Amino acid sequence: MLASDEHLKLGKGSPFVKKNLRLLPVTDAEFEADFFFERRFSEEDWEVWIGIVTERELGAVLALTDVQFRPPTVNDLAALLAHAMFRPLAEWDRQRPGTVHLRHRPQWQELLPHLQQLGIRVVLADELPRFDLAAAEWMHKTRKATKLDEAHIEWTLSRRVSTGVPVSEEFRAMLRKPFPPRRRSTFRRSMDLMAWSHEMCDGAYPSRTVPAPQYTPETILPIRLEPDELETILTKTRLAESMEFCSRLEAMAAKGKTIDLSVNEWGAVLLALTGLKVGDASERKESLEIGVNIANHLASTLGIDPPADNG
């Protein structure tokens, strides 16, 4: 998922759709699901977490995914379980398991009542023996891989967890550790602002839940930009390649007026500000601050929630 919201999001854009999951038969199967930090493929601004769903009795791996840029959220768990039910990796039928075993983590609390509404019993525990075996086997089988995609290919050659890989108590203790707090790196803040921009633009179009949006893609929104903010947009983002667009902005600024752009155009400005063409870390951070300020103005004018705290 692109959005990094820590609160559960259901419905549009979510793979966890209860009305669809209710169509699946309930079985006696028991799943185990969790995530672990994959240090080998992570960097300072690029965290990789591996999520696995295993079938408890025979150890089949039903879902495997990687979560980047943050510790996993409840939305990542919801997507992982939905994939295990709808599109199991092993030669298993689609199903709703009778029981899901989860690590006792505070991040999962919002999802629990929704699983129970689907007739799925939830067991919270510190020990997930099948998951621990799967995680150990992932580390063993992918030890020679130099890239994450290579690791995925190597892992999917075998989708059943064996008992041949030892799982040390030290490794189990690592898997049981609480997830770390979310770090607000510049990259993560950019991703959050990008996700907010997409949601703002999507909100301009009718949907099943909002048939008559309060604004359209062509709604004009005036914002007054400082000279240095305008210069950043005109010279350091990919919008600098559009002579027509830059000429429009320069003409508005020359008249001392506000910059009057449509919802979709402001969305393009925000996306451009999240990824500078050039510049060092300080310039990227400054660009991001300009984007956040613009987004806050847009949210206030449109009457929608502003971006999450990007501080």
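Residue indices begin from 1 for each chain and proceed along its sequence in written order. This being a predicted model, a pLDDT of at least 70 is required before a residue's local features are given, and a value of 80 or more before pairs of side-chain atoms are given or counted; all residues contribute to the totals for chains, interfaces and linings. The side-chain numbers reported here are obtained from all heavy atoms of the structure, hydrogens and water having been left aside.

Another aspect to go through is the overall build of the chain. For the purposes of this entry, the term helix denotes a DSSP run of H or I that reaches at least four residues, the term strand denotes a run of E that reaches at least two, and both are numbered from the N terminus. Scanning the chain from terminus to terminus reveals 11 helices and seven strands. Should any heavy atoms of two residues lie within 4.5 Å, those residues are counted as being in contact. Within the chain, contacts between residues at least 6 apart in sequence are counted, and of these 69% link residues at least 24 apart. Only the protein chains shown count as covering a residue, and every accessible area follows the Shrake-Rupley method with a 1.4 Å probe. As displayed, the chain offers around 15,700 Å² of accessible surface, 53% of which is attributable to carbon and sulfur atoms.

A few words on helix α5 (residues 148–156). Buried residues are those whose accessible area, probed at 1.4 Å on protein chains only, stays under 20% of the maximum for their type, while exposed residues exceed 50% and partly exposed ones sit between those limits. Looking only at α5, the buried set comprises Leu148, Ala151, His152 and Trp155. The buried residues of α5 occupy an angular sector of 100° when projected down its axis, which confines them to one face. If you follow the buried residues of α5, they end up packed against β2 (48–55), β3 (61–68) and α4 (129–141). Here the arc refers to the set of directions running from the helix axis out to each C-beta atom.

Only one rule defines a salt bridge in this text: a Lys or Arg side-chain nitrogen within 4 Å of an Asp or Glu carboxyl oxygen. Summed over the entire model, instances satisfying the criterion amount to 14 salt bridges. Between Glu32 and Arg56 there is a salt bridge; the shortest N-O distance is 2.5 Å. Of the two residues, Glu32 is situated in strand β1 (residues 30–37) and Arg56 in the loop between β2 and β3; the sequence distance between them amounts to 24 residues. A salt bridge links Glu137 to Lys141; the shortest N-O distance between them is 3.2 Å. Note that Glu137 and Lys141 are positioned in helix α4 at a spacing of four residues, about one turn of the helix.

The next thing to look at is the confidence of the model for the chain. Low-confidence regions, as indicated by low pLDDT, have predicted coordinates that should not be scrutinised in detail. Across the chain, pLDDT averages 88, with 92% of residues at or above 70. A residue's pLDDT is simply how confident the predictor is in it, with values from 0 to 100. Mean pLDDT in the chain bottoms out at α5, which sits at 84, and peaks at strand β4 (residues 99–103), which reaches 98.

So, on to the packing of aromatic side chains. Note on aromatic contacts: the rings of Phe and Tyr and the six-membered ring of Trp form a pair at centre separations within 6.5 Å, being stacked when their planes are under 30 degrees apart, edge-to-face when over 60 apart, and tilted otherwise. Summed over the entire model, instances satisfying the criterion amount to five aromatic pairs. Seen in terms of ring centroids, Phe35 and Trp108 are 6.0 Å apart; in terms of plane orientation they differ by 45°. Their pairing is tilted. Linking Phe35 in strand β1 with Trp108 in the loop between β4 and α3 (112–117), this pair joins segments that are 73 residues apart in sequence. An angle of 70° between the planes, with centres 6.3 Å apart, marks the rings of Phe36 and Phe131 as edge-to-face. A residue pair is termed long-range when its members are at least 10 positions apart, and Phe36 in strand β1 and Phe131 in helix α4 qualify at 95 residues. Of the two residues examined, Phe36 and Phe131, each falls in the buried class.

With that out of the way, let us pick up a negative patch on the surface. Taken together, the side chains of Glu226, Asp228, Glu231 and Glu286 present a region of like negative charge at the surface. Mapped onto the fold, Asp228 is located in helix α8 (residues 227–236). Classification of Asp228 as partly exposed rests on a relative accessible area of 42%. Surface patches are defined over residues having more than 30% relative accessible area and no salt bridge, joining like charges when they lie within 9 Å and nonpolar side chains (Val, Leu, Ile, Met, Phe, Trp, Tyr) when within 5 Å. Positive charge is attributed to Lys and Arg, negative charge to Asp and Glu, and no charge count is given to His or to the chain ends. Think of each charge as sitting on NZ of Lys, CZ of Arg, CG of Asp or CD of Glu.

Now for the nonpolar core. If you look at the biggest cluster of nonpolar residues, it comprises 34 residues, and the most contacted ones within it are Phe16, Val53, Leu81 and Leu111. Looking at this core, the elements that each hand over two or more residues are β1, β2, β3, α2 (74–86), β4 and α3. At nine residues, α2 tops the list of elements feeding residues into this core. Those residues in contact with Leu81 that lie beyond four places of it in its chain are Ala33, Val53, Val100, Leu111 and Leu115. Residues grouped as a nonpolar core are buried Ala, Val, Leu, Ile, Met, Phe, Trp, Tyr and Cys residues, joined through side-chain atoms within 4.5 Å. In this structure, Met200, Ala204, Leu225 and Leu288 belong to the second largest nonpolar core, which totals 33 residues.

With that out of the way, let us pick up the pairing of strand β6 (residues 220–223). Across the two faces of β6 the burial differs, with Leu221 and Ile223 buried and Ile220 and Pro222 not buried at all. Pairing of β6 with strand β7 (residues 259–262), which is carried by four bridges, proceeds in the antiparallel orientation. Counterpart to Ile223 in the pairing with β7 is Ile259. Only strands joined by at least two bridges in the DSSP assignment are considered to pair.

Multiplying 1.5 Å by the residue count of a helix minus one yields the expected span of that helix. Compared with an ideal rise of 1.5 Å per residue, which puts 12 residues at 16 Å, helix α9 (residues 243–254) spans 16 Å between its outermost C-alpha atoms and is within 8% of the ideal. Those residues of α9 that sit buried are Phe245, Cys246, Leu249 and Met252. The arc that holds every buried residue of α9, seen down its axis, measures 125°, which confines them to one face. In this structure, α9 carries Met243, Glu244 and Ala254 as exposed residues pointing more than 90 degrees from its buried face. Elements in contact with the buried residues of α9: α8, β7 and α10 (263–273). Phi for Gly256, located one or two positions after α9, is positive at around 70°.

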